[in-house]
Amino acid sequence: MRELTITGPGRIRPRRLRRTAAMRDLVAETRISPDQFILPHFVLPVERAEEPVPSMPGISLMGVENLLRQVESDLALGIRSVLLFGHPVQGTKSPGGEAAADAQGAVQQAVTRLKAAFGDSLVVMTDVCLCSYTDHGHCGIIEGGEVDNDRSLRPLVETALSHARSGADVVAPSDMMDGRVGAIRDALDTEGLGGVAVLAYSAKYASAYYGPFRDAADSAPAHGDRQSYQMDCRNGLEAIREAELDESEGADMVMVKPALAYLDVIAAVRSATTLPLAAYNVSGEYSAVKAAAANGWLDEARVVRENLMGIRRAGADLIITYHCRDALREKWL
Ligand code: PBG
Ligand code: ZN
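Being a predicted model, the structure only gives us computed values, none of them experimental. (Residues numbered from 1 in each chain as written. Chains lettered and ligands numbered in written order. Predicted model: local features only at pLDDT ≥ 70, side-chain atom pairs only at ≥ 80, totals over all residues. Heavy atoms only, no water.)

Peer 1: Could you clarify how one ought to interpret the overall build of the protein in this entry?
Peer 2: Scanning the protein for helices and strands turns up 11 helices and 12 strands. For 333 residues, the compact-globule estimate of 2.2 N^0.38 gives 20 Å, and the protein sits close to it at 21 Å. Projected onto its principal axes, the C-alpha positions of the protein cover 80 × 40 × 40 Å. Here the protein holds 333 residues, and the buried ones make up 55% of them. Across the protein, every contact between residues at least 6 apart in sequence was considered, and the portion connecting residues at least 24 apart equals 73%. Here the protein displays about 15,600 Å² of accessible surface, and carbon together with sulfur accounts for 51% of that area. Separation between the mean location of the 35 positive side-chain charges and that of the 45 negative ones in the protein comes to 12 Å. (Helix = DSSP H or I, 4+ residues; strand = E, 2+ residues; numbered from the N terminus. Rg over C-alpha atoms; globule rule 2.2 N^0.38 Å. Buried < 20%, exposed > 50% of the residue type's maximum accessible area, 1.4 Å probe, protein only. Contact = heavy atoms within 4.5 Å. Areas by Shrake-Rupley, 256 points an atom, 1.4 Å probe, with all protein chains shown as cover. Lys, Arg positive; Asp, Glu negative; His and termini not counted. Charge placed at Lys NZ, Arg CZ, Asp CG, Glu CD.)

Put into structure tokens, the structure is as follows:
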């Protein structure tokens, strides 16, 4: 049989630019800088503790002192932003979730200590929500069996203010109540905290991928689910509406969450706003990769690189991911 040769338009050969590693690096469209990573942490209201989260291999709940040491070594790797989640003191969960705004809470103490230790070389972001602090595990206040949007705003604002007063650079409301971004922005400005930025969890979907996180944050709803406030996975246009609303309420940055099943949403929101866009590569996305890798079913290094590049290529500027320490330490990117 005669060998086929490419003629005419076949003179154009995309493979030429894939021939060597240096050539591929030269023409790569997507790059990730460590500056773009945000690493989440779960903080316990104690000085010293390190409790591994079984469903999230490599992740531990940490006491404030342990967190400080961890962040110090992460800074050396180039991770310059953290996102803090807290646990309340045992026995202080309540219907109103008041412990979320406790000036001496785990998050508030961690923020103070991190800023004292690392100053402005570290960006400290805090998750603003009630679900780890309410006894029912919902992200807002329950009224007549439902999560009451407007009654939830006051405690959310108080929580954001307490984080900002502790020195947070960025507060990130994840509750998905309507109007909370504007309410938080107003309160920050009124209280003389106008320099504190708001990262809005704008398009946060009701997702089964949050499963491992709810173990880590002890925040699973005791009854029902979050579908009356988080987004429906069938909707994409609505994500743009949410991002536009948050922008109009004063958000400094917006977010899509989870990331991997929502790459189209990341791309759509990227082209709908000029604000920096964060994508949250959530707990279940992390744990699924970890579990498959532990079984020898997937090559962790290559899968993590592919997932993170996909998130960036889709249009995310910032990536919140539990993988970033491994990715930088092991040079997976
Ligand atoms: C709480 C919150 C959740 C996550 C971030 N903030 C869980 C939820 O809404 O149930 C998920 C993060 C992750 O899965 O890594 N509002
Ligand atoms: Zn919540």
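Peer 1: Explain the site of ligand 1 here, please?
Peer 2: Around ligand 1, the structure places 18 residues, and the nearest of them are Lys204, Arg214, Lys257, Ser283 and Tyr322. Here a nitrogen atom of ligand 1 sits 3.0 Å away from a polar atom, N or O, in the side chain of Ser174. Arg214 has a polar side-chain atom sitting 2.6 Å from an oxygen atom of ligand 1. Residue composition of the shell around ligand 1, grouped by class: 10 nonpolar, 3 polar and 5 charged. (Near = heavy atom within 4 Å. Polar contact = N/O pair within 3.5 Å; in protein donor to acceptor, adjacent residues only side chain to side chain. Nonpolar A, V, L, I, M, F, W, Y, C, P; charged D, E, K, R; others polar.)

Peer 1: I keep staring at the side chain of Lys290 and nothing clicks. Help me out?
Peer 2: Structurally, Lys290 is set in helix α9 (residues 283–294). Residue class for Lys290 comes out buried when judged on its relative accessible area of 13%. Only 2.8 Å separates the side chain of Lys290 from the side chain of Glu300, close enough to count as a polar contact. Once you skip the residues sitting within four places of it in the chain, Lys290 turns out to touch Pro57, Glu300 and Asp326.

Peer 1: How should the side chain of Ser287 be read in this particular structure?
Peer 2: Positionally, Ser287 belongs in helix α9. Those residues within four positions of Ser287 in sequence are excluded, and the remaining contacts are Ser55, Met56 and Pro212.

Peer 1: Explain the nonpolar core to me, please; I cannot follow it from the model alone.
Peer 2: Counting residues in hydrophobic clusters, the biggest one holds 78 residues, and the most contacted among them are Leu84, Leu114, Val171, Leu188 and Ile266. Residue contacts for Ile266: discarding those within four places in its chain leaves Val256, Ala259, Leu277, Ala279, Ile311, Ala314, Gly315 and Ala316. (Core = buried A, V, L, I, M, F, W, Y, C linked by side-chain atoms within 4.5 Å.)

Peer 1: Honestly, the packing of aromatic side chains in this entry has me stumped. Any pointers?
Peer 2: The description of two aromatic rings rests on the distance between their centres and on the angle between their planes. Under the counting rule described, the total for this entry stands at 8 aromatic pairs. Here the aromatic residues Phe42, Phe85, Tyr201, Phe213, Tyr280, Tyr286 and Tyr322 are joined through ring pairs into a cluster of three or more. (Phe/Tyr/Trp six-rings, centres within 6.5 Å; stacked < 30°, edge-to-face > 60°.)

Peer 1: Can you walk me through a positive patch on the surface in this structure?
Peer 2: Judged by side-chain charge, Arg11, Arg13, Arg15, Arg16 and Arg18 come together as a positively charged surface patch. Secondary-structure assignment places Arg13 in the segment before α1 (21–27). Note on Arg13: relative accessible area 40%, which makes it partly exposed. (Patch = residues over 30% accessible without salt bridge, like charges linked within 9 Å, V, L, I, M, F, W, Y side chains within 5 Å. Salt bridge = Lys/Arg side-chain N within 4 Å of Asp/Glu carboxyl O.)

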